[in-house]
Amino acid sequence: MKFSSLPEIEQSTTAIKAFIARALNRKNSRGVITFVVAIFVLFATWTGYELVLAGGEGISIHAPSLHLGGFSPKPENNDTTTSLIPQKIWQVMLRSVDPHALREMPTWLAKNMDYQYTLLGDKKSDEFVQKNFAKEPRLIEVYSKLQNIGMKVDLLRYLLMYIEGGVYADIDVAAVRPVDTWVPEHLRGTIKLIVGPEFDRLGGGAWAGMPYYVQFGQWTVAAAPRHPVFRTLIDRALQGIEDLIADSGVPIEEFKPSNNNQVLNSTGPIAFTETVFKYMQTFDSNLTDTQNLSAMKESRVYGDVLVLTIDGFGTGQVHSGSSHNGTMPESALVHHKFWSSWTKADQMDHSKDKEEHKEHKREEEYGGEEQTGVEDNKT
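Q: Would you mind going over the pattern of salt bridges in detail, with residue names and values included?
A: In the structure shown here, the tally under the stated rule is eleven salt bridges. Among the ionic pairs, E127 bridges to K124, the shortest N-O distance being 3.3 Å. Of this pair, E127 and K124 both sit in helix α4 (residues 122–132), three residues apart, which is roughly one turn of the helix. Between E242 and R138 there is a salt bridge, with its nearest N and O atoms 2.4 Å apart.

Q: Could you give an account of empty space enclosed by the protein, naming the residues involved and the relevant values?
A: A water-sized probe rolled over the atoms picks out the places where empty space is left. Here the structure, examined in full by the defined rule, presents two cavities of 30 Å³ or more. Together, S83, I85, Y115, V167, V179, D180, W182, V183, R188, I194 and A222 line the largest cavity. When the residues that make up the lining of the largest cavity are grouped by side-chain class, the tally is eight nonpolar, one polar and two charged.

Q: Could you give an account of helix α6 (residues 149–163), with specific residues and numbers?
A: Here α6 is 15 residues long and its end C-alpha atoms lie 21 Å apart, about the 21 Å a rise of 1.5 Å per residue gives. Taken across its 15 residues, α6 has 15 buried, putting it largely inside the fold. In this structure N148 caps α6, since a side-chain oxygen of it lies 3.1 Å from the backbone nitrogen of G150. Looking one or two residues beyond α6, the residue adopting positive phi is G165, at roughly 70°.

Q: Explain the nonpolar core to me, using residue names and the numbers behind them.
A: Within the largest apolar cluster, 54 residues are counted, with the highest numbers of intra-cluster contacts made by V195, F230, F272, M280 and L293. Ranked by residues supplied to this core, first place goes to α6 with eleven residues. Every residue in contact with F230, bar those within four places of it in the chain, is listed here: Y158, M161, Y162, L193, V221, A223 and F272. One finds V183, L308, L333 and F338 within the second-largest nonpolar core, a separate group that totals 22 residues.

Q: Talk me through the pairing of strand β7 (residues 193–200); I want residue IDs and the actual numbers.
A: Most of β7 sits inside the fold, with eight of its eight residues counted as buried. When β7 meets strand β8 (residues 214–223), the two strands line up antiparallel, connected through six bridges. Pairing of D200 across the sheet is with V214, part of β8. Looking at chain direction, β7 and strand β10 (residues 305–307) are connected through three bridges and run parallel. Within β10, the position partnered with I194 by the bridge is L306.

Q: If you had to explain helix α7 (residues 228–248) to someone new, which residues and values would you point to?
A: Helical periodicity: at 3.6 residues per turn, an α-helix aligns residues three or four positions apart in one direction. With 21 residues, α7 ought to run about 30 Å at 1.5 Å a step, and its terminal C-alpha atoms sit 30 Å apart, in line with that. Within α7 the residues assigned to the buried category are V229, F230, L233, I234, A237, L238, G240, I241, L244 and I245. On an axial view of α7, the arc spanned by its buried residues comes to 165°, and they lie on one face. Turned more than 90 degrees from where α7 packs its buried face, A246 and D247 sit exposed. Turning to α7, the residues buried within the fold contact α5 (137–145), α6, β7, β8, α8 (260–266) and α9 (269–281). Positive backbone phi, approximately 75°, marks G249, located one or two places after α7.

Q: Describe the packing of α5 against α7, listing the residues and the values that go with them.
A: The contact between α5 and α7 brings their axes to 11 Å, and the two run at 60°. Between α5 and α7, the crossing angle belongs to the class labelled oblique. Here α5 and α7 pass one another in a crossing that is left-handed. Of the residues in α7, those touching α5 at R138, L139 and V142 are I234, L238, I241 and E242.

Q: How would you explain the packing of aromatic side chains if you had to name every residue and give the values?
A: In the structure shown here, the tally under the stated rule is seven aromatic pairs. Between W219 and F338, the aromatic rings sit 5.5 Å apart at their centres with planes inclined by 85°, giving edge-to-face as the arrangement. Note that W219 is positioned in strand β8 and F338 in the loop between β11 (334–336) and α11 (356–366), a separation of 119 residues in sequence. Overall, F338 belongs to the buried group, its relative accessible area being 14%. Here the aromatic residues W108, W182 and F313 are joined through ring pairs into a cluster of three or more. One cation-aromatic arrangement involves R103 over W339; the distance from NZ or CZ to the ring centre is 3.9 Å. Taking NZ or CZ as reference, K152 lies 4.8 Å from the ring centre of Y143, over its face.

Q: Requested: an account of the confidence of the model for the protein chain, with residues and values cited.
A: Taken residue by residue, the protein chain gives an average pLDDT of 78. The fraction at 70 or more is 68%. Scored below 50 in pLDDT, residues 1–77 makes 71 contacts in the model with residues more than four places away or belonging to other chains. Long-range and interchain partners of residues 344–379, a stretch whose pLDDT sits below 50, account for 129 contacts in this model, where long-range means more than four residues apart.

Q: Tell me about the packing of α5 against α6, and name the residues and values.
A: Contact geometry of α5 with α6 gives a least axis separation of 10 Å together with a crossing angle of 140°. Judged by the angle between their axes, α5 and α6 are oblique. When you trace α5 past α6, the crossing you get is left-handed. For the pair α5 and α6, the contacting residues are L139, Y143 and S144 in the first and K152, L155, L156 and L159 in the second. A class-by-class count of the residues in the contact of α5 with α6 yields five nonpolar, one polar and one charged.

Conventions and cut-offs
- Residues numbered from 1 in each chain as written.
- Predicted model: local features only at pLDDT ≥ 70, side-chain atom pairs only at ≥ 80, totals over all residues.
- Heavy atoms only, no water.
- Salt bridge = Lys/Arg side-chain N within 4 Å of Asp/Glu carboxyl O.
- Helix = DSSP H or I, 4+ residues; strand = E, 2+ residues; numbered from the N terminus.
- 1 Å grid on protein atoms, 1.4 Å probe; cavity = no way out; pocket = protein on both sides within 12 Å on 5 of 7 lines; lining within 4 Å.
- Points joined across faces, edges and corners; volume = space filled by probe spheres on them.
- Nonpolar A, V, L, I, M, F, W, Y, C, P; charged D, E, K, R; others polar.
- Expected span 1.5 Å × (residues − 1).
- Buried < 20%, exposed > 50% of the residue type's maximum accessible area, 1.4 Å probe, protein only.
- Polar contact = N/O pair within 3.5 Å; in protein donor to acceptor, adjacent residues only side chain to side chain.
- Core = buried A, V, L, I, M, F, W, Y, C linked by side-chain atoms within 4.5 Å.
- Contact = heavy atoms within 4.5 Å.
- Pairing = 2+ DSSP bridges.
- Arc of directions from axis to C-beta.
- Axes fitted to C-alpha atoms, helices over the stretch in contact; angles between N-to-C directions.
- Parallel < 35°, antiparallel > 145°, perpendicular 65-115°, else oblique.
- Left-handed = near helix turned anticlockwise from the far one by under 90°.
- Phe/Tyr/Trp six-rings, centres within 6.5 Å; stacked < 30°, edge-to-face > 60°.
- Lys NZ or Arg CZ within 6 Å of the ring centre and 35° of its normal.
- pLDDT = per-residue confidence, 0-100.

Listed below in structure tokens is the structure:
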């Protein structure tokens, strides 16, 4: 129910009062239940809450749309068991539509049946950016004209998480555990960002494209809306893209990265790791290097950030201490399948990249993955 004027509320209230009176005259349990429901509806009417019947499965309560007498019925969040991360799941499929590329999508639906699931294509993605960032014309221009899918999907995931929140997952990521179980119950009123490592050096040497001892992946991330990490990432990504375009001397629509590191540093997991880690440092002065997060056996909390172990988002890899014996560890929340690609030749300009062979060799060792978004068209 949604009411937009005081006369509508008064009229509805009168009807509900009569309904309650009839319920009180009933001498059976059905009448009692009816009475309780009526009281709840009456409360919703006066406070301006919107009640939506969810297909017979229950009632969802939406934010108040009407305030009476200067009273704003916005309750304080004192419930530490209610997650601050919205029940929303986001995936992206740009430029091509391949039904086979959606083969992991049912896992998200089956594990999270009460969640809102959205698969965004080009049209709706453009509409989302134009609607929510109308006051940032340069951001809209860069996003709409950018041809590199790797950068575009990176930027889009940050925009989605900043405005909507919820869970973002690349199209080649399968859900293993229900999202409701990702945050321990006693932390659900605190956690606003969930991240997990994709790489842990574990005493070994550095890898190309992996400058940090521990690097966070962004094939899966969960967050509350308006988390400051994503505003910082948006600004950083926009500046990074603009700097690369300026150096290239070509218009936005003609720009192609000359090497993979340009993507990794401007919008990808390197940028993501640096931004998230700097934010975490504001809560713990003992965090001096990402190596402080190496070989974690249990998840850790830094402020409102939940940092998972390697198996949380990175199980099944043959490196970094990830479980890869064919079983699914209890700590695994998702399983990244690594069949997506973002380094297609038509999206990259490799004429200036002297490290091309080394990069491809590293990708093969790493499972064909850096950061994924859509099957075979990430860049």
